[in-house]
Amino acid sequence: MSSMHVLILGGTRDAMNLADLLLAAPQFTATYSLAGRTRRPLPAALPTRRGGFGGVSGLQQWLSAHHVAAVVDATHPFAAQMSAHALQACRALGLPLVRFGREPWVAGDGDNWQHCASLSAAAQRLISHGQPGQRILLATGGSTLHHFDHIHDRHFAVRCVDPPQPPPRFSSWSLIEDRGPFQLDDERRLLREQRIDTIVCKNSGGKAAQAKLLAARELGIEVIMVERPDIAPADAELFDSPSVLQWLQTRLATALSSQ
Ligand code: NAP
């Protein structure tokens, strides 16, 4: 084995950082994989493929055909299906799988968070506890808006990377087309200018999207926090790219010593 082929399941800033590290590590060749949802994705440093694999069997075929020796699942914490597929495919092929995760956010003093298990529970919470005329920053991603489109007496400020297609069926809404990382000053300004009463977001964790929570704490704004789906554990779960690189180097050393 001259170099080890690693598949990075990407779609996050962490995955991009790992791609930078792997590019500079000559003992690895790596491919970066994107679902292809974002119209203008940030370019990764590595050769990139786009689009689904075609379920678990398609992923297995791809891994075998490209002689992949290890997989890094660096998808978003809510990309539960891709993570489950990666686990099944790697188990079936006996490939090592590491999850490059992010610690979830935890409420601190002064936070007013309501925890919900799903997006539909968050919508239900808005109906049962919110008020007509309430102004909501919806920061859950463009593909999630249908969960809220039966709520007609509120204003939704929708923040997403691309304009949502199809447009949401909200009676009153505005688009904030933006991509993180977000700064605290900008988040304060946004919440004030848009006169936001409530933020609905996913518990993605990480620093890039955390500033809205700090601004909400300062301004006494309620946060409806959608908690993460359960994802079965991989062989390892690591939280920074140097640790993932180290883990890959150990797998490579093990593979070389058994040749
Ligand atoms: P998902 O529900 O777990 O995945 C749905 C399907 O999309 C998968 O079964 C797979 O199709 C394809 N897919 C997902 N990630 C892929 C990847 N990295 N490379 C190739 N195919 C992929 O995931 P999702 O919630 O739609 O998220 C899609 C992507 O957006 C992920 O890469 C994720 O990191 C990123 N993202 C997600 C969120 C979120 O909140 N969910 C937020 C920010 C970024 P096949 O079954 O055909 O292989």
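What comes next is a walk through the structure.

What counts and what doesn't
- In this convention, every chain numbers its residues from 1, walking through the sequence in written order.
- Where local features are concerned, this predicted model is filtered to residues with pLDDT of at least 70; where side-chain atom pairs are given and counted, the filter is 80 or more; whole-chain, interface and lining totals use all residues.
- Water and hydrogen atoms play no part in the side-chain values, which are based on all heavy atoms of the structure.
- We define proximity as follows: a residue is near a molecule or strand when any one of its heavy atoms falls within 4 Å of that partner.
- Polar contact criterion, stated in full: a pair of N or O atoms within 3.5 Å, where within protein one must be able to donate a hydrogen and the other to accept it, and residues adjacent in sequence count only if both atoms are side-chain atoms.
- Think of it as three bins: nonpolar holds Ala, Val, Leu, Ile, Met, Phe, Trp, Tyr, Cys and Pro, charged holds Asp, Glu, Lys and Arg, and polar takes everything else, Gly as well.
- Definition used in this section: a nonpolar core is a set of buried Ala, Val, Leu, Ile, Met, Phe, Trp, Tyr and Cys residues joined via side-chain atoms within 4.5 Å.
- With a 1.4 Å probe rolled over the protein chains alone, any residue whose accessible area is under 20% of its type maximum counts as buried; one over 50% counts as exposed, and the rest are partly exposed.
- The contact definition used throughout considers only heavy atoms, calling two residues in contact when any of these lie within 4.5 Å.
- Starting at the N terminus, helices and strands are each numbered in turn, a helix being any DSSP run of H or I of at least four residues and a strand any DSSP run of E of at least two.
- Any two strands are treated as partners once DSSP identifies two or more bridges connecting them.
- Under this scheme, a helix contributes an axis fitted over its contacting stretch, all axes are lines through C-alpha atoms, and angles between N-to-C directions fall in the 0 to 180 degree range.
- Reported orientations rely on four angle classes, namely roughly parallel under 35 degrees, roughly antiparallel over 145, roughly perpendicular from 65 to 115, and oblique for the rest.
- In a left-handed crossing the near helix is turned counterclockwise from the far helix by less than a right angle, and in a right-handed crossing that turn is clockwise.

With that settled, the discussion passes to the site of the ligand. Residues in close proximity to the ligand total 21 residues, the closest being Gly10, Ser33, Phe53, Met82 and Lys202. Contact distances for the ligand include 2.5 Å between an oxygen atom and a side-chain N or O atom of Lys202. Residue composition of the shell around the ligand, by class: seven nonpolar, 11 polar and three charged.

Our focus in this paragraph is the nonpolar core. One finds Val6, Ile8, Leu22, Phe28, Tyr32, Val72 and Leu248 to be the most contacted residues of the largest nonpolar core, which totals 28 residues. The contact partners of Leu248, leaving out residues within four places of it in the chain, are Met4, Val6, Leu22, Phe28, Ala70 and Val72. Listed in part, the 18 residues of the second largest apolar core include Ala123, Ile151, Val158 and Ile224.

Attention now moves to the side chain of Thr31. Turning to its location among the elements, Thr31 is positioned in strand E2 (residues 28-34). Residue classification places Thr31 among the buried residues on the basis of a relative accessible area of 12%. Here the side chain of Thr31 touches His5 through a polar contact of 2.7 Å, side chain to side chain. Those residues in contact with Thr31 that sit more than four places away from it in its chain are His5, Val6, Leu7, Ile8, Pro47, Arg49 and Trp62.

The next point concerns the sheet that holds strand E5 (residues 97-100). The strand order E3-E2-E1-E4-E5-E12 describes an open sheet built from six strands, whose pairing is parallel. For this open sheet the edge positions go to strand E3 (48-50) and strand E12 (236-238), each flanked by a neighbour on one side alone. Across this sheet, the average inter-strand angle for adjacent strands is 25°, counted without regard to direction. Relative to strand E4 (residues 68-73), strand E1 (residues 4-9) runs parallel, the two being bridged by five bridges. Bridged to His5 within E4 is Val68. Here helix H3 (residues 80-93) sits on the sheet and contacts E1, E4 and E5; the angle it forms with E5, its principal contact strand, is near 160°. Across the sheet, helix H7 (residues 241-257) is in contact with E1, E2, E4, E5 and E12; its angle to E5 comes to roughly 175°.

With that out of the way, let us pick up helix H6 (residues 211-219). Within the sequence span of H6, burial applies to Ala211, Lys212, Leu213, Ala215 and Ala216. Of the residues trailing H6, Gly220 is marked for its positive phi of about 70°.

Mapped onto the secondary structure, Asn203 falls in the loop between strand E10 (198-202) and H6. In sequence terms Asn203 and Val106 are 97 residues apart; their C-alpha atoms lie 8.8 Å from each other. In this structure Asn203 touches Phe78, Pro104, Trp105, Met225, Val226, Glu227 and Arg228, once residues within four positions along its chain are discounted.

All right, on to the packing of helix H2 (residues 55-65) against H3 then. Following both chains from N to C, one finds H2 and H3 inclined at 55°, their axes separated by 9 Å at the closest point. Between H2 and H3, the angle is such that the two are oblique. As for the relative orientation of H2 and H3, their crossing is right-handed in sense. Counted together, Gly55, Val56, Leu59, Gln60, Leu63 and Ser64 of H2 and Met82, His85, Ala86, Gln88, Ala89, Ala92 and Leu93 of H3 form the full contact between these two elements. In the contact of H2 with H3, the residues fall into eight nonpolar, five polar and no charged.

Scope: geometric values only; no functional claims are made or implied.
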